[in-house]
Amino acid sequence: MCAIVGVFGAKKASTVAYYSLFSMQHRGQEATGISVANGEKIKLYKKRGMVADVFSQETLDSMEGSCAVGHNRYSTAGSESQGDAQPVFAKYKLGEISVVHNGNLVNKNEVREELIAKGAIFQTDMDTENIIHLIAKSQKDALVDRIKDMLTRIEGAYCLAIQSRSKMFVIRDRFGIRPLSLGKLPDGGWIVASETCAFDLVGAEFVRDVSPGEMLTFEEGKEPVSEQIFEPDYHPCAFEYIYFARPDSIIDGKNVYQTRLQMGRKLAEEVPAEVDLVLPVPDSGVAAARGYAEGLGVPFEMGIVRNHYVGRTFIEPTQEIRDLKVKLKLSPIKHLIAGKRVAIIDDSLVRGTTSKQIVRMLKEAGAAEVHMRIAAPEIKFPCRYGIDTPTRAELISASHGVEEIAESIGADSLGFLSVDGLIDALGRDRTYSLVSFDGNYFAGGSADTPGCAGGC
Ligand code: AMP
């Protein structure tokens, strides 16, 4: 998952990057980092923790330069070392370089083995380090050509911002799987960010999305230069709209909140329920629950309170902690729920942990019936393109039917949005990456490919 930002030609690039990363904190809470270039050298600061905790005013003030790249890292089980934070910085033949990456390279292991066989040494498990090595190893004279060489060797999902001491290069893979937008700062500088919510915070004007297969080169005193490196084969990730992105972001021309409302409306058409109340799982199910309630013509209530001081459920890798975390995070308003037949809406069901806890919580609060509705199709395959999903064995829908899952989570009924319904809600004007639902690994790799080791 993760967030990236690139800032070029700004007076205080590190501050712009900082606020951008702050607005994209939801994309990764484990570690954060910024590197700044001032034409002569690159300065890097990265650390485990949230953006506001990692950077102090003093740190930002010490990072002078008009170009910055930054990253928020999402936590993935088993890989939590500080060394896995980004940007990844290196010195090489042409000078200094710093890279941030959102996505997941499906051929990471093959490329890494080949590089190791030729004598390369690696300090982290991140696929982003492959990128640095491939650039350093290329025999081309100019960095831009080395980057192009590197791009012929990587496969999968990637949005990249690459910084040298005086230039910045931004690349989106040819499928456009992960989002990436270009904006103009009030002081005339440029910004690229995973989500447009970053632009709103720093006062940038949205210019356009970076096109699939496009590379943008930023150089002092020039307009950004666009090159179409690969033939586009557009497949934006449906899961960004379902769960991951912030509702106020506009991804590839579509507002995330609106698409979620539409998923809820579609869900009401496909799997209605005879209920007195519709409740969302806060915050992830709110927009879809509004759509569902509207579709059914039943009142919508914020019947579950969320404690905002607890991180997202997925952050902790062990099952034990995950169970406890749901309770720490969510609590029902009993007098709203007691004696009522309720539909509870969440954006997705992965292992079934959250749903099970919530159904139990609602029953304990006195609900007469609990009907669980999921505003996404059944997740049967692990995403290998940058959304952190567990192995197939842990995905409850990979091995259980809807009835069985309803029973295991203790719900009176369970319903999912169909894949067709999801596409209807998103719009039929493009082809989406639906890999978690249909197992179509169109960008390479398979269910057995290693997931996000750090780049995503
Ligand atoms: P689970 O409890 O395993 O069924 O996970 C479902 C819950 O996790 C839902 O409430 C989702 O909002 C949330 N969720 C879904 N996908 C992810 C993800 N990749 N990372 C973090 N949380 C997720």
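Cut-offs applied
- Residues numbered from 1 in each chain as written.
- Predicted model: local features only at pLDDT ≥ 70, side-chain atom pairs only at ≥ 80, totals over all residues.
- Heavy atoms only, no water.
- Domains from an automatic or database assignment.
- Helix = DSSP H or I, 4+ residues; strand = E, 2+ residues; numbered from the N terminus.
- Buried < 20%, exposed > 50% of the residue type's maximum accessible area, 1.4 Å probe, protein only.
- Contact = heavy atoms within 4.5 Å.
- Pairing = 2+ DSSP bridges.
- Axes fitted to C-alpha atoms, helices over the stretch in contact; angles between N-to-C directions.
- Near = heavy atom within 4 Å.
- Polar contact = N/O pair within 3.5 Å; in protein donor to acceptor, adjacent residues only side chain to side chain.
- Areas by Shrake-Rupley, 256 points an atom, 1.4 Å probe, with all protein chains shown as cover.
- Nonpolar A, V, L, I, M, F, W, Y, C, P; charged D, E, K, R; others polar.

Section: the domain arrangement of the protein
Domain boundaries in the protein define domain 1 (3-230) and domain 2 (260-427). In this structure, domain 1 and domain 2 have C-alpha centres spaced 34 Å apart.

Some remarks on the environment of Leu277
On the secondary structure map, Leu277 appears in strand E16 (residues 277-280). According to the relative accessible area criterion, Leu277 is buried, its value standing at 6%. The spatial distance from the C-alpha of Leu277 to the C-alpha of Lys47 is 44 Å, given a sequence separation of 230 residues. Once you skip the residues sitting within four places of it in the chain, Leu277 turns out to touch Val298, Pro299, Glu301, Leu336, Lys340, Arg341, Val342 and Ala343.

Quick word on helix H5 (residues 127-137)
Here H5 lies mainly inside the structure; nine of its 11 residues are buried. Turning to H5, its buried residues are Asp127, Thr128, Glu129, Asn130, Ile131, Ile132, His133, Leu134 and Ile135. On its buried face, H5 is in contact with strand E5 (88-92), strand E6 (95-105), helix H4 (108-117), helix H6 (143-151) and strand E7 (156-163).

Focus on the sheet that holds strand E12 (residues 214-219)
For sheets, the rule is that strands pair by backbone hydrogen bonds, running either parallel or antiparallel. The antiparallel open sheet is built from six strands, whose spatial order is E5-E6-E7-E8-E12-E13. Unpaired on one side and paired on the other, E5 and strand E13 (225-228) mark the two borders of the sheet. Here the average twist between neighbouring strands, direction ignored, is 20°. The pairing of E7 with strand E8 (residues 167-172) spans five bridges and is antiparallel.

Comments concerning the side chain of Ser397
Locating Ser397 in the fold gives a position in helix H14 (residues 396-399). The exposure class assigned to Ser397 is buried, which follows from its relative accessible area of 2%. For Ser397, the residues in contact, after removing those within four places along its chain, are Leu349, Glu378, Ile379, Lys380, Ile405 and Phe416.

Observations concerning the site of the ligand
Every one of the 17 residues lining the ligand counts as a neighbour, but Asp346, Asp347, Arg351, Gly352 and Thr354 are closest to it. With respect to the ligand, the side chain of Tyr243 contributes an N or O atom lying 2.9 Å from a nitrogen atom. One of the side-chain nitrogen or oxygen atoms of Thr354 is found 2.4 Å away from an oxygen atom of the ligand. For the ligand, the protein covers 97% of the area, taking 500 Å² as the surface of the free molecule. If you list the elements that add at least two residues to the shell around the ligand, you get helix H8 (238-244) and helix H13 (353-364). Residues of the shell around the ligand, tallied by class, amount to eight nonpolar, five polar and four charged.

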